[in-house]
Amino acid sequence: MDAAGLVEKVGSQVKNVKAGDRVFTVGADSGAYAQYATATADLVFPLHSNLDFDQGASLGVPYFTAYRALFTRGHCKPGETVLVHGASGAVGIAAVQIARAHGLTVFGTAGTEEGLKLVQQVGAHHVFNHREQGYMDKIRVASPNGEGVDIILEMLANVNLDNDLQIMRWKTGRVMVIGSRGPVQINPRYTMAKESDIRGVTLFSSSKEDWSEMGAAINAGMELGYIKPIVGATYPLHEAARSHHDVINNEGTRGKLILHTWE
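Small disclaimer: the values here were computed from a predicted structure and weren't measured.

Rules used throughout
- Residues numbered from 1 in each chain as written.
- Predicted model: local features only at pLDDT ≥ 70, side-chain atom pairs only at ≥ 80, totals over all residues.
- Heavy atoms only, no water.
- Pairing = 2+ DSSP bridges.
- Helix = DSSP H or I, 4+ residues; strand = E, 2+ residues; numbered from the N terminus.
- Axes fitted to C-alpha atoms, helices over the stretch in contact; angles between N-to-C directions.
- 1 Å grid on protein atoms, 1.4 Å probe; cavity = no way out; pocket = protein on both sides within 12 Å on 5 of 7 lines; lining within 4 Å.
- Points joined across faces, edges and corners; volume = space filled by probe spheres on them.
- Nonpolar A, V, L, I, M, F, W, Y, C, P; charged D, E, K, R; others polar.
- Phe/Tyr/Trp six-rings, centres within 6.5 Å; stacked < 30°, edge-to-face > 60°.
- Lys NZ or Arg CZ within 6 Å of the ring centre and 35° of its normal.
- Contact = heavy atoms within 4.5 Å.

Thoughts on the sheet that holds strand β3 (residues 44-46)
Here is step 1: In spatial order, the strands read β1-β2-β3; together these three strands make up an open sheet with antiparallel pairing. What marks the edges here is a single partner per strand, and that holds for β1 (3-6) and β3. Between one strand axis and the next, the sheet turns by 30° as a mean value, whatever way the strands run.
Here is step 2: Taken together, the three bridges between strand β2 (residues 22-25) and β3 define a ladder with antiparallel strand orientation. Bridge pairing links F24 to F45 in β3.

Printed below as a string of C-alpha cells:
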C-alpha cells in the first residue's frame, strides 16, 4: 500500500507529478511488494529531499491517519492535551510529531524502555509505560490541573476504551478509535458524566478534498523538518514473510518496517 520512489511514467491527464519526480504514495493500486507499482494520481505526493526513500515509504498510512485523527475527526487545537496510546508505533510516532508541532501538550505510551525513550525523542512531553499497573492514574495526575486529557488517539480500543473514558476532560474529551482487535464493554455513564465523545477513524473514508489537505499538511511538515519517520527495520523482498511475523510477534513496536524491492 505505502511506497516511495521515482516516477517512471504518468498518464496523459496527470498534472501533479512528472517522470523523474521523487514521490510517495498512500495507496499503490497494484500493491507495493514490487519494483514497479501503479497508483492513482490523487494519492501520489512529492517526497521532500529532507527524507530518503525508506522514510518516504513510512509516510503514507501512518502520517495521514495521524493527521486525520487529530484534525479532520478530532478538531484539535493548540493548548489542548493529547494522549497517544502505542506512541512508539508508526501511527503513534506520526501523531506525536504532528501534535507537538501544532502546539498540543503530548502524552505518549509505550511498552518497553526503548519505546519510551523513542517516544520522548520524537517529541512527547510526558511518557508512560502502558504495561505498568496504574499507569492511567499517573496520566490523570499529570494532566493539567489533574482534570484529564482533551483527546486520546486509541490504537487498541478493545483493551483501553473503558479506561480512556475515565480520564477524559469534562466537556472537551473525545476518543479517536484508530485500531481495535475485538469487542469491548464500556460503562456509558462515563460518557454521560463528562459529555465525552467516541469517534471512529478510517483513513480511506477520506474525500478528495481531505486527501489534498492532508497532503499539503504533510508536505509542510517535511519542509519544516518536524516530520521525520522512524524506520524500525528493513527487509529484502524475499523476506516479506519474516517482516509479517515480526509485526505480529513484536514485544514493543518501534517505527515502520520497510521492504526493499530491489534484490
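As for empty space enclosed by the protein
Here is step 1: All told, the structure shown has one cavity of 30 Å³ or more when counted by the stated rule.
Here is step 2: In this structure, the largest cavity is lined by S58, P62, Y63, A90, I93, P229, I230, G255 and K256.
Here is step 3: Looking at the lining of the largest cavity, the elements with two or more residues in it are α2 (60-73) and α3 (90-101).
Here is step 4: Here the lining of the largest cavity is built from residues that sort into six nonpolar, two polar and one charged.

A closer look at the packing of aromatic side chains
Here is step 1: In total, this model carries seven aromatic pairs according to the counting rule given.
Here is step 2: A connected cluster of aromatic rings, assembled from ring pairs, spans F24, F45, F64, F204 and W211.
Here is step 3: Over the ring of F53 we find R22; its NZ or CZ atom is 4.8 Å from the centre of that ring.

Focus on the sheet that holds strand β5 (residues 105-110)
Here is step 1: What the six strands build is an open sheet, ordered β6-β5-β4-β7-β8-β9; its pairing is parallel. The open sheet has two free edges, formed respectively by β6 (126-129) and β9 (197-200), since each of these has just one partner strand. On average, adjacent strands in this sheet sit at an angle of 20° to one another, irrespective of strand direction.
Here is step 2: Summarising the sheet, strand β4 (residues 81-84) and strand β7 (residues 151-154) pair through three bridges and their orientation is parallel. Directly across from V82, in β7, lies its bridge partner I151.
Here is step 3: Across the sheet, α3 is in contact with β4, β5 and β7; its angle to β4 comes to roughly 165°.

Treat this as a map of the structure, not an account of what it does.
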